[in-house]
Amino acid sequence: QVQLVESGGGLVQPGGSLRLSCAASGRIFSIWIMGWYRQAPGKQRELVATMTSSSSTNYADSVKGRFTISRDNAKNTVYLQMNSLKPEDTAVYYCNAKLTTASMTSGNYWGQGTQVTVSS
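The present account deals with the structure reproduced in this document. (Residues numbered from 1 in each chain as written. Predicted model: local features only at pLDDT ≥ 70, side-chain atom pairs only at ≥ 80, totals over all residues. Heavy atoms only, no water.)

**Some words on the pattern of salt bridges**
And then number 1: Applying the stated criterion across every chain yields a total of four salt bridges.
And then number 2: The salt bridge partner of Asp 89 is Arg 38, with a shortest N-O separation of 3.0 Å. With Asp 89 in the loop between strand E8 (77-82) and strand E9 (91-101) and Arg 38 in strand E4 (residues 28-39), the pair connects residues that are 51 residues apart, well separated along the chain.
And then number 3: Judged by its relative accessible area of 1%, Asp 89 is buried.
And then number 4: Look at Arg 38 and you get buried, because its relative accessible area is 6%.
And then number 5: A salt bridge links Asp 61 to Lys 64; the nearest nitrogen and oxygen atoms lie 3.1 Å apart.
And then number 6: For Lys 64, a relative accessible area of 51% gives the class exposed.
And then number 7: Ionic contacts of the salt-bridge type, sharing partners, join the residues Arg 38, Glu 46, Arg 66 and Asp 89 into one network. (Salt bridge = Lys/Arg side-chain N within 4 Å of Asp/Glu carboxyl O. Helix = DSSP H or I, 4+ residues; strand = E, 2+ residues; numbered from the N terminus. Buried < 20%, exposed > 50% of the residue type's maximum accessible area, 1.4 Å probe, protein only.)

Below, the structure written as structure tokens:
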């Protein structure tokens, strides 16, 4: 069984920073892509940032220059450093991993989500 466990959400004032972490555990053979998505109330889930195992990154236009994704492949962990936060960044942030398990099945896995609220 594969699990993704997120941490680091919370309440922050506009202009502030937060760092999210997500650790994947279980019988994992390899992780191709890890990343973050978010869903605000009444909106669809959207991509925030992703990083491949070879460190190629992809960011939503709305977060470029403010958010930085990084990854520790040895720990199966992905991070999202969020700076210059805006109220419109308020959402539940979900970790995502596309991976192959030790039994050689491939799948798309999600964490439980962590709330980020940007408000004064």
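**Overview of the state of the cysteines**
And then number 1: Counted according to the given criterion, the structure contains one disulfide.
And then number 2: What pairs with Cys 22 in a disulfide is Cys 95, and their sulfur atoms sit 2.0 Å apart. On the sign convention where negative means left-handed, the S-S torsion of about -80° between Cys 22 and Cys 95 marks this disulfide as left-handed. You can see Cys 22 sitting in strand E3 (residues 18-25) and its partner Cys 95 sitting in strand E9, a full 73 residues away along the chain.
And then number 3: Looking at Cys 22, the relative accessible area reads 0%, which means it is buried.
And then number 4: Assessed through its relative accessible area of 0%, Cys 95 is described here as buried. (Disulfide = S-S within 2.5 Å.)

**Description of unusual backbone geometry**
With the exception of glycine, the majority of residues adopt a negative phi angle, and the majority of peptide bonds are in the trans configuration.
And then number 1: In the Ramachandran plot, Ser 55 falls in the positive-phi region, its phi being about 75° despite a non-glycine side chain.
And then number 2: Within the element layout of this structure, Ser 55 appears in the loop between strand E5 (46-52) and strand E6 (57-59).
And then number 3: Classification of Ser 55 as partly exposed rests on a relative accessible area of 49%.

**Quick notes on the packing of aromatic side chains**
And then number 1: For the structure on display, the rule yields one aromatic pair.
And then number 2: Taking the centre distance of 5.1 Å and the plane angle of 70° together, the rings of Tyr 37 and Trp 110 count as edge-to-face. With a gap of 73 residues between them, Tyr 37 in strand E4 and Trp 110 in strand E10 (residues 106-110) connect regions that are remote in the sequence.
And then number 3: Its relative accessible area of 15% is what places Tyr 37 among the buried residues.
And then number 4: It is Arg 45 that lies over the ring of Tyr 94; its NZ or CZ is 3.7 Å from the centre.
And then number 5: A cation sits over an aromatic face here: Arg 45 above Trp 110, 4.6 Å from the ring centre. (Phe/Tyr/Trp six-rings, centres within 6.5 Å; stacked < 30°, edge-to-face > 60°. Lys NZ or Arg CZ within 6 Å of the ring centre and 35° of its normal.)

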